[in-house]
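Geometric and topological summary
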Amino acid sequence: MKKSKFVVPLLFSSLMLIGSCQQIDSVEASQSEGDRVLDSVHDVVTDKNFLSATVDDDVKFLDLRISDTEKPKEVEEKIDKDLKKKKITSYTINIVQEDVKLAKKEHRWELFSFNLIDDLLSKPEYKGTTIKSNSKDSNGPVTLTINTPIVGNESTAKENAKRLEQDINNAMKTDANKKLVKNDTYIIQIYNSDNQLIN
């Protein structure tokens, strides 16, 4: 009787192990090819060097943005090798390298722009106003370009631009926006409907 007590747990453990292996196989089988390609990307490129990836299953294309500290040829070869292990072939891989610090800075300011649109530019007095942020390098200032439906560049238009600029500066002081803006320097450029700078 004592032998059967030992055999049953051993048999149960073996069945559990077989079952879990079958589950892993079925999870991989249920993933789309694009998901498996993205898994390969994440296996090759570390989180700190990864910016974004887009996969198109139909045309078998991978568009990958990575840090400029990575070696693109090596990354491509490693991804190809990993895809072949998964029996995935014939993907065209386009790798674009970017300065990670700059990309993260641009992303923060993009989020700030979304907040600004939601909190400020959605007000009736700013209807039709658009915003775009642009940064040339990670240490330089960010330029906020504001296009408004303001007509002309007379004193009234300049007053409206000054009020809008002050509202934007105030919006930067909220806790959520402070985290996004950080200590970055910035320039606000406000244009009227004729694309003339009015601030």
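This one's a predicted model, so the numbers in the text were calculated from it and none came from an experiment.

Tallying each qualifying case throughout the model produces four salt bridges. Here Glu98 and Arg65 are joined by a salt bridge, their closest N and O atoms 2.6 Å apart. On the criterion of sequence distance, the pair formed by Glu98 in strand E3 (residues 92-98) and Arg65 in strand E2 (residues 61-67) is long-range, its members being 33 residues apart.

This brings us to helix H4 (residues 100-121). For H4, built from 22 residues, the straight-helix expectation of 32 Å at 1.5 Å per residue is met to within 8% by its first-to-last C-alpha distance of 29 Å. Residues Val100, Leu102, Ala103, Lys105, Arg108, Trp109, Phe112, Ser113, Leu116, Leu120 and Leu121 constitute the buried set of H4. Of the residues that open H4, the one with a side-chain oxygen 3.0 Å from the backbone nitrogen of Lys101 is Asp99.

What follows covers a nonpolar patch on the surface. The grouping of Leu111, Phe114 and Ile117 at the surface amounts to a nonpolar patch, some 250 Å² of accessible area in total. Inspection of the secondary structure puts Ile117 in helix H4. When its relative accessible area of 35% is taken as the criterion, Ile117 is described as partly exposed.

This part covers the packing of aromatic side chains. All chains considered together, the criterion is met by two aromatic pairs. With centroids separated by 5.5 Å and ring planes inclined at 75°, the aromatic side chains of Trp109 and Phe112 adopt a geometry described as edge-to-face. With Trp109 and Phe112 both in helix H4 and three residues apart, the pair spans about one turn of that helix. Given the relative accessible area of 0%, Phe112 is considered buried. With a centroid separation of 6.0 Å and an interplanar angle of 45°, the aromatic rings of Trp109 and Tyr186 are classed as tilted. With Trp109 in helix H4 and Tyr186 in strand E6 (residues 186-191), this residue pair connects regions lying 77 residues apart in the sequence. Using a relative accessible area of 1% as the deciding quantity, one classes Trp109 as buried.

Attention now goes to the nonpolar core. Phe112, Leu144, Ile146, Leu164 and Ile168 are the most contacted members of the largest nonpolar core, which totals 22 residues. In terms of nonpolar packing, the next biggest core, distinct from the first, is built from 14 residues, Val41, Val45, Leu62 and Ile66 among them.

Before going further, it helps to spend a moment on the pairing of strand E1 (residues 50-56). As defined by bridge partners, E1 adjoins E2 across six bridges and the pair is classed as antiparallel. Directly across from Asp56, in E2, lies its bridge partner Phe61. Here E1 folds back onto E2 in antiparallel fashion, the turn holding four residues, of which Lys60 has a positive phi close to 55°.

Moving on, we get to the side chain of Ser135. With respect to the helices and strands, Ser135 occurs in strand E4 (residues 130-135). Looking at Ser135, the relative accessible area reads 6%, which means it is buried. A polar atom in the side chain of Ser135 sits 3.1 Å from the backbone oxygen of Asp137. Beyond its immediate chain neighbours, meaning those up to four positions away, Ser135 contacts Leu102, Lys105, Glu106, Gly140, Pro141 and Val142.

Attention now goes to unusual backbone geometry. One non-glycine residue with positive phi stands out, namely Lys60, at about 55°. Relative to the assigned elements, Lys60 resides in the loop between E1 and E2. Judged by relative accessible area, Lys60 falls into the partly exposed class, the value being 25%. One non-glycine residue, Asn195, lies in positive phi territory at about 65°. In this structure, Asn195 sits in the segment after E6. Asn195 gets classed as exposed once you look at its relative accessible area, which sits at 54%.

Parameters at a glance
- Residues numbered from 1 in each chain as written.
- Predicted model: local features only at pLDDT ≥ 70, side-chain atom pairs only at ≥ 80, totals over all residues.
- Heavy atoms only, no water.
- Salt bridge = Lys/Arg side-chain N within 4 Å of Asp/Glu carboxyl O.
- Helix = DSSP H or I, 4+ residues; strand = E, 2+ residues; numbered from the N terminus.
- Expected span 1.5 Å × (residues − 1).
- Buried < 20%, exposed > 50% of the residue type's maximum accessible area, 1.4 Å probe, protein only.
- Polar contact = N/O pair within 3.5 Å; in protein donor to acceptor, adjacent residues only side chain to side chain.
- Patch = residues over 30% accessible without salt bridge, like charges linked within 9 Å, V, L, I, M, F, W, Y side chains within 5 Å.
- Areas by Shrake-Rupley, 256 points an atom, 1.4 Å probe, with all protein chains shown as cover.
- Phe/Tyr/Trp six-rings, centres within 6.5 Å; stacked < 30°, edge-to-face > 60°.
- Core = buried A, V, L, I, M, F, W, Y, C linked by side-chain atoms within 4.5 Å.
- Pairing = 2+ DSSP bridges.
- Contact = heavy atoms within 4.5 Å.

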